[in-house]
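If you want the building blocks of each chain, they are given just below.
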Amino acid sequence: MRFGALVALPLAAWAQIQFEDVTAKSGIGFQLRNGAAGRLHQVELMPGGAAAFDFDNDGCADLFFTNGASLPSLRKTDASFHNRLYRGHCDLTFTDVTTKAGLAGEGYAMAAATGDYDNDGFADLFVAGVHRNALYRNRGDGTFEDVTRKAGLAPADARGDWSISAGWFDYDRDGRLDLFVSNYVRWDPAREVPCGPPEHRIYCHPKWYEPQSHRLFRNRGDGTFADISAAAGIKASPGKGMGVAFADADGDGWPDVFVANDSVPNQLFRNRKGQFEEVALEAGVAYPDSGKAIAGMGCDFRDFDNDGRPDLAITGMVNDAFLAFRNLGERFLFEDFTAQSGLARATVHLTGWSMGLFDFDNDGWKDLFTANAHFPRLERQLGAAPELSNTVFRGTGRGRFEPGPALPRRAFYRGTAFADFDRDGRVDAVVTALNAPVAVLRNVSRSEAHWLAIRLKGKASNRQGLGAQIKVDGGGSLYNHATTSVGYASSSEAIVRFGLGRHAGPVRVEVRWPSGSVQQLGEVKIDRVAEVAEP
Amino acid sequence: MRARLAGLILTAGSVLCFGQPKQPPAGLGPVQSLIDSGRLAEARRALAALDEPEHPAVRFTAAVLAYREGYFGSALQMLERDPSLAQNLDARILRAATLDALGRDAEAERELESLVSVPGAAERPLLHFGYGQLLLQRDANEEALARFDRAIRLARGHADARMWRAIALMRLGRIKEAVEAAESAEALSPDSEPVHSLLVKLYRLSGDGDRAARQLRWLREHAKGAQ
């Protein structure tokens, strides 16, 4: 049974999802700098990610931002290029603790991915970037150690990958988080191609750059990683990777990988007991029904129609529309649900970057938040300024969405970090913007809806329980799974959230752990963060 | 940015019927040929050298050129600033295509909806085809199907209309008919990747794994050949 009947509150009660821009009082002074100096380097378009994670385990979500660097040197020549860590105070105010934490970083950073790879109870941080990635181990005392080289994650040569996104998941179900890195194109600042007429140069289309293979690093469990991209079947399928997301799409217990690609077909790596096969065409998610690749950006791989199967949402460029693929369950097949979902008409005029499927109004249906901006220097193409507002699309049931009001401030938005920063049961959002302040958005949606959040503690499974599939029953069923890899270049809290609508009583919870064990919990109290430990 | 209704803009040279007492400048024909052959930079230079830049046919050609260059915003400005273009059928078609390219699909749809009943326009298969695509976008699958049917009646060899007819049928759950429509598109356009990609999905939906596998092999071979 679906949750729809359970949450059938009068429409007025759910009329709008609302966010208040609280950036000015948040204490966050960070501005994402892309280092643009008129040369139109391709990398300038792509930063940068954000991460919401509780690095100090105080119960308050913290924030990390990646940042660019000078061009063409790709060096952080001054503090304005530093990556930033902000400690959260549970009220949407934050304190900059970058220096103490040792996370200022080096090079041109793109993405942040959080996960407790060493199972010590403290979430660690991977920072993906241009020709340089970094792994920071959380020591648990407010500081991080750069273990990139020790872990075997330093690039083999100076012209390493240009990594745009990354994510942690336990691909081989051995209880240790492994790392997937989504790579974009081969790029060299010294060989930038000029595009557009001489009087008005524009950033080049990705077709001018060679695709790259993504990478899968297996966690050996001793602090080091093995690059198994070739052996596991990842390397054979290069792409122009942007966002990456994980879900067990076929219900076999093994997490699959989706990569949104820029202007080439999307990729779905089906996990067959640790070996991957790229099956996006067969599964129907390589392209929309038109058969034309979109400029895929961010993605989220979650069940948006509450049928127990993870679906896909993908942002794209103006005239692409943001795609919705519904998982049909049978034969590992998805349908292009973009028109039926309402997203085709609601988003065809937008260019979206990061995004996330969360139940912002706690009515039982996941909603879609998108961080938007057209590409810069396209005024002649667009007939309008390229800066855009962010948008939220309210899930109205069974995979359908309707647009909400545009959010405050137009900018070149990019990354998103989602978490309940003020612990009021509503998911907030923080959005980065190129060469502009971030947007700290407090969820102030009016709602008497109930909710449940679940923080997992794995034992045989990885410590954060990433990959665990959770079903909540309270007269109907809701589904979600634990992942931090959401959107574009970004990472969100590992806590798994459910909106319960007007269901005020306790609920039953079923957790399918990545280890394979299934845990049943009855009479779980709601309107709180419940800790669930793997038996 | 991709222009979904680009097919509506047949050729710059096919659209110059402005009922103007004055003939367009003699150099316009070569400009149109350059646009039609994709030599857009040369076309722009040649257009700038024409004697009568204010002639409606020249202004229209400039808008077509801007559209072809992907400067949809500029093209729309040109079309909407010029009252002499407001009632011209071809300029209205170009305007609809431009609005669509800008993601302003509701406006594009309104323009196409009004155009399909205009004498002279109603017999253009591409107009029905483009309108059908916009209808599909708002999940109006039955109405879209009718438009694709009309486009095919007007141009039986229109492979794209047959492919999109198959998509409309698929969304209506009429899988067997969708397969037939897609196969007819494949027969007309055997090298179309979108058609083969659609056939993979349709064969899988209809449980015909062997045929789906054959389509996949074609797509993979084709991709290798393109590298």
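Now for a description of the structure that goes with this document. (Residues numbered from 1 in each chain as written. Chains lettered and ligands numbered in written order. Predicted model: local features only at pLDDT ≥ 70, side-chain atom pairs only at ≥ 80, totals over all residues. Heavy atoms only, no water.)

Looking at the packing of aromatic side chains
All names here are of chain A. Rules: Under the pairing criterion, centres of Phe, Tyr and Trp rings, with the six-membered ring standing for Trp, must be within 6.5 Å; the plane angle then separates stacked pairs below 30 degrees from edge-to-face pairs above 60, leaving the rest tilted. Only DSSP runs of H or I with at least four residues qualify as helices, and only runs of E with at least two residues qualify as strands; both kinds are numbered from the N terminus onward. Only protein chains enter the area calculation, which uses a 1.4 Å probe; residues under 20% of their type maximum are buried, those over 50% are exposed, and those in between are partly exposed. Geometrically, a charge over a ring is one whose NZ (Lys) or CZ (Arg) sits within 6 Å of the ring centre while staying within 35 degrees of the ring normal.
Per the stated rule, a full pass over the model turns up 32 aromatic pairs over all chains. Ring geometry for Phe180 and Phe246: centres 6.4 Å apart, planes at 75°, overall edge-to-face. Placement of Phe180 in strand β11 (residues 178–183) and of Phe246 in strand β14 (residues 241–247) is noted, with a sequence separation of 66 residues between them. Per residue, the accessibility class of Phe180 equals that of Phe246, and both read buried. With a centroid separation of 5.9 Å and an interplanar angle of 55°, the aromatic rings of Phe360 and Phe418 are classed as tilted. Of the two residues, Phe360 is situated in the loop between β22 (352–358) and β23 (367–372) and Phe418 in strand β26 (residues 413–419); the sequence distance between them amounts to 58 residues. Owing to a relative accessible area of 0%, Phe360 belongs among the buried residues under this scheme. By way of ring pairs, the aromatic residues Phe169, Tyr171, Phe180, Phe246, Phe269 and Phe276 are connected into one cluster. Lying across the ring of Phe332, Arg270 places its NZ or CZ 4.1 Å from the centre.

Focus: helix α3 (residues 56–68) of chain B
Residues three or four positions apart in an α-helix share a direction because the helix packs 3.6 residues into each turn. Residues and elements named next belong to chain B. Note the threshold: By this rule, a helix spans an expected 1.5 Å times one less than how many residues it contains. In this analysis, two residues are considered to be in contact whenever any of their non-hydrogen atoms come within 4.5 Å of each other.
When the terminal C-alpha atoms of α3 are compared, their 18 Å separation across 13 residues agrees well with the 18 Å that a helix rising 1.5 Å per residue should span. Among the 13 residues of α3, 11 are classified as buried, and the element is accordingly described as predominantly covered. The set of residues buried in α3 consists of Pro56, Ala57, Val58, Phe60, Thr61, Ala62, Ala63, Val64, Leu65, Ala66 and Tyr67. Residues of α3 that are buried make contact with α1 (28–36), α2 (40–48), α4 (72–81), α5 (83–86) and α6 (89–101). Phi turns positive, to about 90°, at Gly70, one or two residues after α3.

Let's talk about the pattern of salt bridges
In a structure, side chains of opposite charge can pair up when their charged atoms sit close to one another. The condition is simple: Salt-bridge detection follows one rule: a side-chain nitrogen of Lys or Arg within 4 Å of a carboxyl oxygen of Asp or Glu.
Tallied over the entire structure, the rule returns 53 salt bridges over all chains. With a shortest N-O distance of 3.3 Å, Arg512(A) and Glu510(A) are connected by a salt bridge. Of the residues examined, Glu510(A) reaches a relative accessible area of 16% and is grouped as buried. Put simply, Glu54(B) and Arg59(B) hold a salt bridge, and the shortest N to O gap is 3.1 Å. Given a relative accessible area of 58%, Glu54(B) falls into the exposed group.

Notes on the interface of chain A and chain B
Often, the extent of an interface is quoted as the loss of accessible area on bringing the components together. As a reminder, the rule being used: Buried area counts how much accessible surface, traced with a 1.4 Å probe, disappears from two parts once they are put together, with both parts' losses summed. Polar contacts, as counted here, are pairs of nitrogen or oxygen atoms within 3.5 Å of one another; within protein the pair requires one atom able to donate a hydrogen and one able to accept it, and residues that are adjacent in sequence qualify only if both atoms are side-chain atoms.
On the side of chain B, 36 residues touch chain A, which itself brings 32 residues to the contact. Between chain A and chain B, the buried area comes to about 3100 Å², and carbon and sulfur atoms account for 51% of it. Three residues, Asp289(A), Asn319(A) and Arg345(A), lead the burial of chain A against chain B; their summed loss comes to 24% of the area buried on that side. At the junction of chain A with chain B, the criterion picks out six salt bridges. A salt bridge links Asp289(A) to Arg171(B); the nearest nitrogen and oxygen atoms lie 3.0 Å apart. Our enumeration of links across chain A and chain B arrives at eight residue pairs in polar contact (both at pLDDT 80 or more).

A closer look at the state of the cysteines
All names here are of chain A. To keep things clear, this is the line we draw: Here, the term disulfide refers to a pair of cysteine sulfur atoms separated by no more than 2.5 Å.
Counted under the stated rule, the structure contains two disulfides over all chains. Across the disulfide, Cys60 is cross-linked to Cys90 (sulfur-sulfur distance 2.1 Å). An S-S torsion of about -105° defines the bridge between Cys60 and Cys90 as left-handed. A residue pair is termed long-range when its members are at least 10 positions apart, and Cys60 in the loop between β2 (50–53) and β3 (62–65) and Cys90 in the loop between β4 (84–88) and β5 (94–96) qualify at 30 residues. Considered together, Cys60 and Cys90 belong to a single accessibility category, that of buried residues. The disulfide bridge from Cys195 ends at Cys204, spanning 2.0 Å between sulfur atoms. Disulfide Cys195 to Cys204: torsion about the S-S bond roughly 105°, handedness right-handed. In terms of burial, Cys195 and Cys204 fall into one category: buried. Assigning the bonded cysteines of chain A consecutive numbers by sequence position, one obtains the connectivity 1-2, 3-4.

Description of the packing of α6(B) against helix α7 (residues 105–115) of chain B
In a pair of packed helices, the angle between the axes and the distance between the axes together describe the arrangement. Residue and element names in this part refer to chain B. What counts is decided by this rule: Here, axes are lines fitted to C-alpha atoms. For helices the fit covers the stretch in contact, and angles between N-to-C directions go from 0 to 180 degrees. In these notes the angle categories are as follows: under 35 degrees is roughly parallel, over 145 is roughly antiparallel, 65 to 115 is roughly perpendicular, and the rest is oblique. A clockwise turn of the near helix away from the far one marks a right-handed crossing, whereas an anticlockwise turn of less than a right angle marks a left-handed crossing. In this count, Pro and Cys sit with the nonpolar residues alongside Ala, Val, Leu, Ile, Met, Phe, Trp and Tyr, while Asp, Glu, Lys and Arg are called charged and the others, Gly among them, polar.
Here α6 crosses α7 at 155°, and the two axes come no closer than 7 Å. Viewed along their axes, α6 and α7 adopt a mutual orientation that is roughly antiparallel. Crossing handedness for the pair α6 and α7: left-handed. Where α6 approaches α7, its residues Leu89, Arg92, Ile93, Arg95, Ala96, Leu99 and Asp100 are matched on the opposing element by Asp105, Glu107, Ala108, Glu111, Leu112, Ser114 and Leu115. The class makeup of the residues in the contact of α6 with α7 is seven nonpolar, one polar and six charged.

Quick word on the pairing of strand β20 (residues 323–327) of chain A
All names here are of chain A. Rule in force here: Two strands qualify as a pair provided DSSP detects at least 2 bridges between them.
Counted residue by residue, β20 has five buried out of five residues, so it is predominantly covered. With burial as the criterion, each face of β20 is covered, one bearing Leu323, Phe325 and Asn327 and the other bearing Ala324 and Arg326. Note: strand β19 (residues 312–314) against β20, three bridges, orientation antiparallel. Across the sheet, residue Ala313 finds its bridge partner in β20, namely Ala324. In this structure, β20 lies alongside strand β21 (residues 334–336), joined through three bridges in antiparallel fashion. Paired with Asn327 across the strands is Phe334, a residue of β21.

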